[in-house]
Amino acid sequence: MQNKESLLYAVMLSELPQVGERIASAILARSAERGHGLASFFRLPAAVLRRDYSLPLAALRCLEHHAEAHRRRCEWLSANLHESGGWACTLLDPDYPRRLRHRADAPPVLFFFGDPTCAAQPTIAPLHSRTPTEGTVGCIRAVVEAAARAGFAVVTSTGKAAYRLVGVTARALSVPRLVVLDRGLFSALGVELRADPFAYRGAAHPCAPTEHGQLVCSPFRLLDHALPRSGRRRDALVAALADVIFALHARPGGEIERLCLAALEQGQPVLSWHGENPALLSAGAIPISGDDLRHLHRFVPISR
């Protein structure tokens, strides 16, 4: 179980007003340069904060004039997260996911709930950029079955029909899964973290507090609702957490194609189902067919 104090300071950083990922990452980088953690950052005098940190005015006012109220609110949030079995990590923490640490857009704070062993296995993210068809369902099942045979965990989400199909298929086949949210943990799962992430909004589908084989994560504030821009952040994190990206369908000029091209630039393996996207093949994606599903391990980078 995570130390309560480190969890509190991760929440306090995440909840600073008008502090997004870019500024939060800069705060962590400056703290690392100074050789101290977040606890020291939140004890710095106002003059030092103004001089050495490029904070928005709202964040400065919060730290100068409303520090105690900010801390009390974050104590409530972090206590609920801790008691429900959730945790957080920042770029300063040694247990920050290694797959993300050196990415250009690594989230400065990540919140987690579930089975942490899921992240220890090789991971594959099946991506699909169109409305699923009857053929899509069979293809997703074939990929998830192949992941099960090869000892992979699948990375997916909940906001699109294709993501849900991957998630529920993985659950039905008892395949470990990393589920990336497009909103905060509390917003998606409730403050007690008991809701099923794959249940449609408003449906009452409670799940076990720490469902074996499922790790849920979010880069968003705990109570954040989904916004139009949240989907792109979620999709990028799904791709970044994958050792292997499997493009079941990537529409030319679409978001999945863009994600796969960015992944190829960073050296991530991208598989293209039947080589259906010429742009991905030109950029280095590997065409794959049903026979290749028996040998998924050969696509995992040695450095993982």
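Located above this text is the structure these notes cover.
Computed from a prediction, not measured in an experiment: that's the story for all the values here.

**Student:** Sorry if this is basic, but what is going on with the sheet that holds strand S9 (residues 286-288) here?
**Tutor:** Adjacent strands of a sheet pair through backbone hydrogen bonds, lying either parallel or antiparallel. The sheet built from nine strands is open, its strands ordered S1-S2-S6-S5-S4-S3-S7-S8-S9 with mixed pairing. Edge positions in the sheet fall to strand S1 (87-90) and S9, since each has one partner strand and no second. For this sheet the average axis-to-axis angle between neighbouring strands, irrespective of direction, equals 30 degrees. In this structure, strand S5 (residues 177-180) lies alongside strand S6 (residues 214-218), joined through four bridges in parallel fashion. Bridge assignment links valine 179 to a residue of S6, and that residue is valine 216.

**Student:** Where do I start with helix H8 (residues 134-150) in this structure?
**Tutor:** Structural remark: α-helix, 3.6 residues per turn; residues separated by three or four positions point the same way. Here H8 is 17 residues long and its end C-alpha atoms lie 25 Å apart, about the 24 Å a rise of 1.5 Å per residue gives. Burial in H8 covers these residues: Thr136, Cys139, Ile140, Val143, Val144, Ala146, Ala147 and Ala150. Angularly, the buried residues of H8 cover 155 degrees about the axis, an arc narrow enough to put them on a single face. Those residues of H8 that are exposed and angled more than 90 degrees off the buried face are Glu134 and Arg149. At its buried positions, H8 is contacted by strand S3 (123-128), strand S4 (153-157), helix H9 (161-172), strand S7 (244-249) and strand S8 (270-273). Within two residues after H8, glycine 151 carries a phi angle of roughly 75 degrees, on the positive side.

**Student:** Help me out: how do you make sense of the packing of aromatic side chains in this one?
**Tutor:** Counted by the stated rule, this structure contains five aromatic pairs. When the ring of phenylalanine 246 is compared with that of tryptophan 273, the centres are 5.6 Å apart and the planes differ by 50 degrees; the resulting orientation is tilted. Separated by 27 residues along the polypeptide, phenylalanine 246 in strand S7 and tryptophan 273 in strand S8 bring together distant segments of the chain. The burial state of phenylalanine 246 is the same as that of tryptophan 273; both residues are buried. The structure contains a cluster of three or more aromatic residues connected by ring pairs, namely Tyr9, Phe41, Phe42 and Tyr53. For arginine 30, the ring lying beneath its charged end belongs to tyrosine 53, and the centroid distance is 5.9 Å.

**Student:** Could you clarify how one ought to interpret the pairing of S3 in this entry?
**Tutor:** The two faces of the sheet receive side chains in turn, since in a regular strand these alternate between them. Taking burial as the measure, the six residues of S3 include six buried ones, the bulk of the element. Burial along S3 is two-sided: the face carrying Thr123, Ala125 and Leu127 and the face carrying Ile124, Pro126 and His128 are both buried. Here S3 runs beside S4; their pairing, made up of two bridges, is parallel. Bridge pairing in S4 links isoleucine 124 to valine 154. In the classification by handedness, the crossover that spans S3, the intervening H8 and the parallel S4 is right-handed. Bridge count between S3 and S7: five bridges; the pairing is parallel.

Definitions and limits used
Residues numbered from 1 in each chain as written. Predicted model: local features only at pLDDT ≥ 70, side-chain atom pairs only at ≥ 80, totals over all residues. Heavy atoms only, no water. Pairing = 2+ DSSP bridges. Helix = DSSP H or I, 4+ residues; strand = E, 2+ residues; numbered from the N terminus. Axes fitted to C-alpha atoms, helices over the stretch in contact; angles between N-to-C directions. Expected span 1.5 Å × (residues − 1). Buried < 20%, exposed > 50% of the residue type's maximum accessible area, 1.4 Å probe, protein only. Arc of directions from axis to C-beta. Contact = heavy atoms within 4.5 Å. Phe/Tyr/Trp six-rings, centres within 6.5 Å; stacked < 30°, edge-to-face > 60°. Lys NZ or Arg CZ within 6 Å of the ring centre and 35° of its normal. Right-handed = clockwise from strand over helix to strand, strands pointing away.

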